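Okay, here's what each chain looks like letter by letter:
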Amino acid sequence: QVQLVESGGGLVQPGGSLRLSCTAPGFTLDDYGIHWFRQAPGKEREGVSCISRTDGATYYGTSVQGRFTISRDKNTVYLQMNDLKPEDTAVYYCATDGYRYCSEYTLSDSYVMNYWGKGTLVTVSS
């Protein structure tokens, strides 16, 4: 059973930066579109970003556009988060549906994802 593994979460002050990583030992993430989702207590899961293997395109949720950057390096996918705000506080998950393509539409379709990590907690507070 393939599982993704997130890391890099922690406590950061508003306006600060954090970089999350997603990997899967024994699984070639470079072959697939990878998504980041997040869920805050009492709120619905929302799409944060994804990176497509088909064309290398990247997509972002409107609330993080211009502040977050997704990238990949071999078998690791990163989410660089800058200018963090308290409303960014959430558990962040990486996931894939096993296909190479992703878009702003798959980013809003978390229920079709086949593979998930356990999540990493990001807390933005002064």
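Every value quoted in this text rests on a predicted model; they were computed, and no experiment measured them.

J.: Looking at this structure, I do not really get the state of the cysteines. What am I missing?
T.: Working definition of a disulfide: a covalent bond connecting the sulfur atoms of two cysteines. In the structure shown here, the tally under the stated rule is two disulfides. Between the sulfur atoms of cysteine 22 and its disulfide partner cysteine 94 the distance amounts to 2.1 Å. Judged by the torsion about the S-S bond (75°), the cysteine 22/cysteine 94 disulfide is right-handed. Here cysteine 94 lies in strand E9 (residues 90-96) and cysteine 22 lies in strand E3 (residues 18-23), a separation of 72 residues in the sequence. Cysteine 22 sits in the buried class, given a relative accessible area of 0%. By relative accessible area, cysteine 94 is classed as buried at 0%. The residue that forms a disulfide with cysteine 50 is cysteine 102, at a sulfur-sulfur distance of 2.3 Å. Between cysteine 50 and cysteine 102 the sulfur-sulfur dihedral comes to about 95°; the bridge is accordingly right-handed. Remark: cysteine 102 occurs in the loop between E9 and strand E10 (115-116) and cysteine 50 occurs in strand E5 (residues 46-51); sequence separation between them is 52 residues.

J.: Whenever I open this one, the packing of aromatic side chains confuses me. Can you help?
T.: Geometrically, a pair of aromatic rings is defined through the distance of the ring centres and the angle of the planes. Applying the stated rule across the entire model yields two aromatic pairs. Ring geometry for phenylalanine 37 against tryptophan 116: centres 5.4 Å apart, planes inclined by 40°, an arrangement best described as tilted. Here phenylalanine 37, found in strand E4 (residues 34-39), pairs with tryptophan 116, found in strand E10; they are 79 residues apart in sequence, far enough to count as distant. The exposure class of phenylalanine 37 is buried, given its relative accessible area of 1%. By relative accessible area, which is 22% here, tryptophan 116 ends up partly exposed. On the basis of an interplanar angle of 85° and a centroid distance of 6.1 Å, the ring pair of tyrosine 93 and tryptophan 116 is categorised as edge-to-face. With tyrosine 93 in strand E9 and tryptophan 116 in strand E10, the pair connects residues that are 23 residues apart, well separated along the chain. Ring-pair connections join several aromatic residues into one group, and the members of that group are Phe37, Tyr93 and Trp116.

J.: Please explain the pattern of salt bridges as it appears in this structure.
T.: Two side chains bearing opposite charge may form a pair once their charged atoms approach each other closely. Evaluation of the coordinates by the stated rule reveals five salt bridges. For aspartate 30, the salt bridge is made with arginine 72, and the minimal N-O distance between the two is 3.6 Å. You can see aspartate 30 sitting in the loop between E3 and E4 and its partner arginine 72 sitting in strand E7 (residues 68-73), a full 42 residues away along the chain. Between glutamate 46 and arginine 38 there is a salt bridge whose closest N-O contact spans 2.8 Å.

J.: What's the story with unusual backbone geometry in this structure? I'm lost.
T.: It is generally the case that most residues other than glycine have a negative phi and that most peptide bonds are trans. Unlike most non-glycine residues, lysine 74 shows phi in positive territory, near 60°. Assignment of secondary structure puts lysine 74 in the loop between E7 and strand E8 (76-81). Its identity is not glycine, yet aspartate 83 carries a phi of approximately 50°, on the positive side. Turning to its location among the elements, aspartate 83 is positioned in the loop between E8 and E9.

Basis of the calculations
Residues numbered from 1 in each chain as written. Predicted model: local features only at pLDDT ≥ 70, side-chain atom pairs only at ≥ 80, totals over all residues. Heavy atoms only, no water. Disulfide = S-S within 2.5 Å. Helix = DSSP H or I, 4+ residues; strand = E, 2+ residues; numbered from the N terminus. Buried < 20%, exposed > 50% of the residue type's maximum accessible area, 1.4 Å probe, protein only. Phe/Tyr/Trp six-rings, centres within 6.5 Å; stacked < 30°, edge-to-face > 60°. Salt bridge = Lys/Arg side-chain N within 4 Å of Asp/Glu carboxyl O.

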